[in-house]
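# Structural features, examined
Here's the letter readout for the chains.
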Amino acid sequence: MLDDCLSDWCNDERRVLSKKYLRILTSLMLQQEENRDYEEALETARRLLREEPVSGNAHRVIMDVYYLEGDRTAALRQFQLYKEIMHEELNAPPEKSLVDLYKRISEDLGSGGDDDSKTEVLTKTLSEENVITLLVAIQNEIIHNRKEISELKELIDRKKAL
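These lines cover the structure that appears in this document, whether it is placed above or below. The residue numbering used here restarts from 1 in each chain and proceeds along that chain's sequence as written. In view of the model being predicted, local features appear only for residues whose pLDDT reaches at least 70, and side-chain atom pairs are presented and counted only at 80 or more, with totals across whole chains, interfaces and linings using the full set of residues. Where side-chain values are given, they derive from all heavy atoms of the structure, hydrogens and water being excluded.

## With respect to a negative patch on the surface
Note the following rule: Only residues whose relative accessible area exceeds 30% and that form no salt bridge enter a patch; like-charged residues are grouped when within 9 Å of one another, and nonpolar side chains (Val, Leu, Ile, Met, Phe, Trp, Tyr) when within 5 Å. Per-residue accessibility takes into account occlusion by the displayed protein chains alone, with areas from the Shrake-Rupley method and a 1.4 Å probe. A pairing counts as a salt bridge when a side-chain nitrogen of Lys or Arg comes within 4 Å of a carboxyl oxygen of Asp or Glu. We count Lys and Arg on the positive side and Asp and Glu on the negative side, and we leave His and both chain ends out. Note that the charge is assigned to NZ on lysines, CZ on arginines, CG on aspartates and CD on glutamates. The helix count covers DSSP runs of H or I at least four residues long, the strand count covers runs of E at least two residues long, and both are numbered beginning at the N terminus. Relative accessibility decides the category of a residue: with a 1.4 Å probe and only protein chains considered, values under 20% of the type maximum give buried, values over 50% give exposed, and everything between is partly exposed.
Judged by side-chain charge, Asp37, Glu39, Glu40, Glu69 and Asp71 come together as a negatively charged surface patch. Checked against the element boundaries, Glu40 lands in helix 2 (residues 38-51). Its relative accessible area of 41% is what places Glu40 among the partly exposed residues.

## Considering the packing of aromatic side chains
To keep things clear, this is the line we draw: Pairing of aromatic rings covers Phe, Tyr and the six-membered ring of Trp, with a centre-to-centre limit of 6.5 Å; geometry is then stacked below 30 degrees between planes, edge-to-face above 60, and tilted otherwise.
Under the counting rule described, the total for this entry stands at two aromatic pairs. Centre to centre, the rings of Phe79 and Tyr82 are 6.3 Å apart; their planes meet at 55 degrees, and the pair counts as tilted. In this pair, Phe79 and Tyr82 both sit in helix 4 (residues 72-90), three residues apart, roughly one turn of the helix. Here Phe79 and Tyr82 have matching classes, each one buried. Between Phe79 and Tyr102, the aromatic rings sit 4.4 Å apart at their centres with planes inclined by 25 degrees, giving stacked as the arrangement. Of this pair, Phe79 sits in helix 4 while Tyr102 sits in helix 5 (residues 96-108); the two residues are 23 residues apart in sequence, bridging distant segments of the chain. Using a relative accessible area of 3% as the deciding quantity, one classes Phe79 as buried. Grouped by ring-pair contacts, the aromatic residues Phe79, Tyr82 and Tyr102 constitute a single cluster.

So, in C-alpha cells, the structure goes:
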C-alpha cells in the first residue's frame, strides 16, 4: 500500500516537474529570441521539441531563426514537419499563427526580402503570440507557486501542532 502511495506521489510529482520544465524552456526560448540570441533560441527550441514535439512556439522560433538567417527553404520545411507532427500526434491542423507565418514566408520567397522585410514578416506573428504565451506561463507559474506555498504552510502548521 505504501509503495502504491509513493508511486502515485512520484508520478504526480514527475508530471508537475515536467510541466514546469516545459514552461521554463518555453519562457527561456522566447526571451532568447526577444534578445536576438537566435542560436541559443534555436537550441532551446530543439530541446523543447525533444520533450514536446507539438510545441507550436518551438516550431515557430525555429522557422523564425531559419528565415532570419536567410534559409527560407528550411523555415518552410520546418512548417511541413510541424504540420506532419500535429497530424500524427493529435490529428489536428497546425495553429493558425504558424499557417500565417508560413504563408508570409512563402510569399516573401520571390521578393528576396531584406532584413527589414524579414523583421516585419516575423513581428506580425511574434508580438501577440509571445505576449499571450508569456502571460499564460507566468499565470501558471503563479498558480503553481501559490499551491506550493499553501502546501508548505500546511506542513509547517502540522509540525507546530506536533
